Amino acid sequence: MIIAIDGEASTGKSTQAKKIAKRLNINYRDSGAYYRAITLFLIQNQINPKEVIGSDIFSKINISQNFENNIFSIFLNDEDVTSKIRGHKVSLNVSEYAKKPEIRKFVYNLLRKSSELNSIIVDGRDIGTVVFPDADFKFFLFAIPEIRAQRRHREINDESIKIESIEKEILIRDDIDSNRDIAPLKKAKDAFGIDVSYLSIEEVFEKILQKIII
Ligand code: CDP
């Protein structure tokens, strides 16, 4: 079984995906975390998003994800980068790197390999449209920007970062993600859309679960 949860930035996709993975005892992959880890590597190595990323560079990028006992971790070349990839610098740059076809192909391979042996839930932007168009269940989460920024602000828990700058960053990412040529952020025709603006985590979870467990 494959479940796709796509949607706008900061709509709680990964929170929901983890809860579903735990409840159904299936595997979980955070596709955005792959793009973020690749972005971190390329920034650290001063590789500009305008450059073509060749196989020589990809051969130096080893990423693994792990979801165990309800804890998600991601490793970049054996370093645990779970927190680092959520930093402001990565958030500001990730969408420019995620536009690149060679980077997308690299992530698609990782995701499709992960689905070969196990049932899986994956969250992202193009999971139901491009990566797994035949997924068994597809969801698309969206919400008004102010609420998304407030939630992300609370999650970051850093008073030095203004809510307005988070909202701006979220809107810029949504704009780049929605308007790119390859695999833009959009609802798959057969995805179940949920406006999460005024719903609690539990309420969204119940809506998703109801669709899966009939
Ligand atoms: O957590 P949030 O929704 O804010 O972002 P994320 O899921 O960590 O994704 C970070 C960025 O990676 C997005 O803004 C996209 O630019 C890119 N991404 C993508 O292009 N395709 C995906 N399937 C997932 C993420």
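Residues numbered from 1 in each chain as written. Predicted model: local features only at pLDDT ≥ 70, side-chain atom pairs only at ≥ 80, totals over all residues. Heavy atoms only, no water.

Q: So what exactly am I meant to see when it comes to the site of the ligand here?
A: Near the ligand lie 20 residues; those nearest to it are Lys13, Arg36, Arg104, Asp126 and Asp177. Interatomic distance of 2.8 Å between a side-chain N/O atom of Arg104 and an oxygen atom of the ligand. Protein burial of the ligand: of its 530 Å² of free accessible surface, 97% is covered by the chains. Among the elements of the structure, α2 (31-44), α4 (88-98) and α8 (163-179) are those that each provide at least two residues to the shell around the ligand. With four residues, α2 is the single largest residue contributor to the shell around the ligand. (Near = heavy atom within 4 Å. Polar contact = N/O pair within 3.5 Å; in protein donor to acceptor, adjacent residues only side chain to side chain. Areas by Shrake-Rupley, 256 points an atom, 1.4 Å probe, with all protein chains shown as cover. Helix = DSSP H or I, 4+ residues; strand = E, 2+ residues; numbered from the N terminus.)

Q: Mind showing me how you'd approach the sheet that holds strand β6 (residues 120-124) here?
A: Neighbouring strands of a sheet are bound in pairs by backbone hydrogen bonds; such pairs are parallel or else antiparallel. Strand order across the open sheet formed by five strands is β2-β6-β1-β7-β8, with parallel pairing between neighbours. Taken across any chain shown, the strands that pair with only one partner, and hence form the sheet edges, are β2 (27-30) and β8 (192-195). Looking at each pair of strands side by side, their axes are set apart by 20° on average, direction ignored. Bridge analysis of β2 against β6 gives four bridges, and the strand direction is parallel. Opposite Asn27, over in β6, you have Ile120 as the bridge partner. Each of β2 and β6 touches α2; the most contacted strand, β2, lies at about 45° to it. In this fold helix α9 (residues 201-212) packs onto β1 (2-7), β7 (137-142) and β8, with an angle of close to 160° to the strand it touches most, β7. (Pairing = 2+ DSSP bridges. Axes fitted to C-alpha atoms, helices over the stretch in contact; angles between N-to-C directions. Contact = heavy atoms within 4.5 Å.)

Q: Before we go on, may I ask you to explain the packing of aromatic side chains in this structure?
A: Given two aromatic rings, their pairing is described by the distance between the two centres and the angle made by the two planes. According to the stated counting rule, one finds four aromatic pairs in the structure shown. Centre to centre, the rings of Tyr28 and Phe67 are 5.5 Å apart; their planes meet at 75°, and the pair counts as edge-to-face. Within this pair, whereas Tyr28 is found in strand β2, its partner Phe67 is found in strand β3 (residues 63-68), the two being separated by 39 residues in sequence. With respect to burial, Tyr28 and Phe67 carry one shared label: buried. (Phe/Tyr/Trp six-rings, centres within 6.5 Å; stacked < 30°, edge-to-face > 60°. Buried < 20%, exposed > 50% of the residue type's maximum accessible area, 1.4 Å probe, protein only.)

Q: Got a minute to help me understand helix α1 (residues 13-24) in this structure?
A: Since the α-helix turns once every 3.6 residues, residues separated by three or four places project in the same direction. A rise of 1.5 Å per residue sets the reference length of α1, with its 12 residues, at 16 Å; its end C-alpha atoms lie 16 Å apart and thus fit the reference within 8%. Those residues of α1 that sit buried are Lys13, Gln16, Ala17, Ile20 and Ala21. Here the buried residues of α1 occupy an arc of 135° about the axis, which is enough to place them on one side. Residues of α1 that are buried in the fold lie against β1, β2, β3, β6, β7 and α9. (Expected span 1.5 Å × (residues − 1). Arc of directions from axis to C-beta.)

Q: Teacher, can you tell me more about the nonpolar core here?
A: The nonpolar side chains of soluble globular proteins are, as a tendency, buried together. Leu42, Ile61 and Ile121 are the most contacted members of the largest nonpolar core, which has 56 residues in total. If one sorts the elements of this core by residue count, α2 sits on top with eight residues. In this view, Ile121 contacts Ile3, Ile5, Ala17, Ile20, Ala21, Ile26, Asn27, Tyr28 and Arg29; residues no more than four positions away in its chain are not counted. Counting residues in each nonpolar core, the second largest holds five residues, with Ala9, Ala149, Ile161 and Ile166 among its members. (Core = buried A, V, L, I, M, F, W, Y, C linked by side-chain atoms within 4.5 Å.)

Q: I'm lost on the environment of Leu24 in this one. Help?
A: Mapped onto the fold, Leu24 is located in helix α1. For the pair Leu24 and Glu167, spaced 143 residues apart in the sequence, the C-alpha separation amounts to 33 Å. Beyond its immediate chain neighbours, meaning those up to four positions away, Leu24 contacts Met1, Ile3, Ile212 and Ile213.

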